[in-house]
Amino acid sequence: MDKIFLNDLKVDTIIGIYDWERETLQTLRFDLEMDWDIRHAAKSDDISNTLDYGAVANVLVEFVANSRYLLIERLAEEVAQLLLKTFAIPKLKLTLTKPVKLHGQNYAQIVIERYNG
Ligand SMILES: Nc1nc2c(c(=O)[nH]1)N=C([C@H](O)[C@@H](O)CO)CN2
């Protein structure tokens, strides 16, 4: 299957389990790998025949910016389900990256793969 990638999408939001995280915006990064048959668009050169990654970005950013979840697991799942439903993407791999300060400047990352239907 062909794939469309959308990488390094950054969104400021409220996320986290600690008190300070409920009142501080943090920047999350999203990377998407979306199955999509690109042959129709390749032939017609018409945006209406493909998955518009700009539209995907807009839906993701609006949702994440207004979300208020505690765990990155929950946010990743909700975003994946929203994108599958909105765009009829057959399969989606979503990577969510959150900056954390543990022993140094680190990041936590979650990767999920979800299917439509
Ligand atoms: N598996 C997870 N572990 C942790 C999460 C999480 O979302 N999933 N979150 C936190 C804190 O919010 C942390 O990110 C603050 O820096 C800790 N562990």
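From a predicted model like this one, the values you see are computed outputs, not experimental measurements.

## Quick notes on the sheet that holds strand S3 (residues 91-102)
Step number 1: Read across the sheet, 4 strands follow the order S1-S2-S3-S4 without closing on themselves; strand pairing throughout is antiparallel. Each of the sheet's edge strands pairs with one partner strand only, and the pair in question is strand S1 (3-13) and strand S4 (104-115). Taken pair by pair, the neighbouring strands of this sheet meet at an average axis angle of 20°, ignoring direction.
Step number 2: As defined by bridge partners, S1 adjoins strand S2 (residues 26-35) across 9 bridges and the pair is classed as antiparallel. Residue pairing across strands places isoleucine 4 opposite methionine 34, the latter belonging to S2.
Step number 3: Sitting on the sheet, helix H3 (residues 72-87) is in contact with S2, S3 and S4, with an inclination near 40° to S4.

Reading the values: rules and limits
- Residues numbered from 1 in each chain as written.
- Predicted model: local features only at pLDDT ≥ 70, side-chain atom pairs only at ≥ 80, totals over all residues.
- Heavy atoms only, no water.
- Pairing = 2+ DSSP bridges.
- Helix = DSSP H or I, 4+ residues; strand = E, 2+ residues; numbered from the N terminus.
- Axes fitted to C-alpha atoms, helices over the stretch in contact; angles between N-to-C directions.
- Contact = heavy atoms within 4.5 Å.

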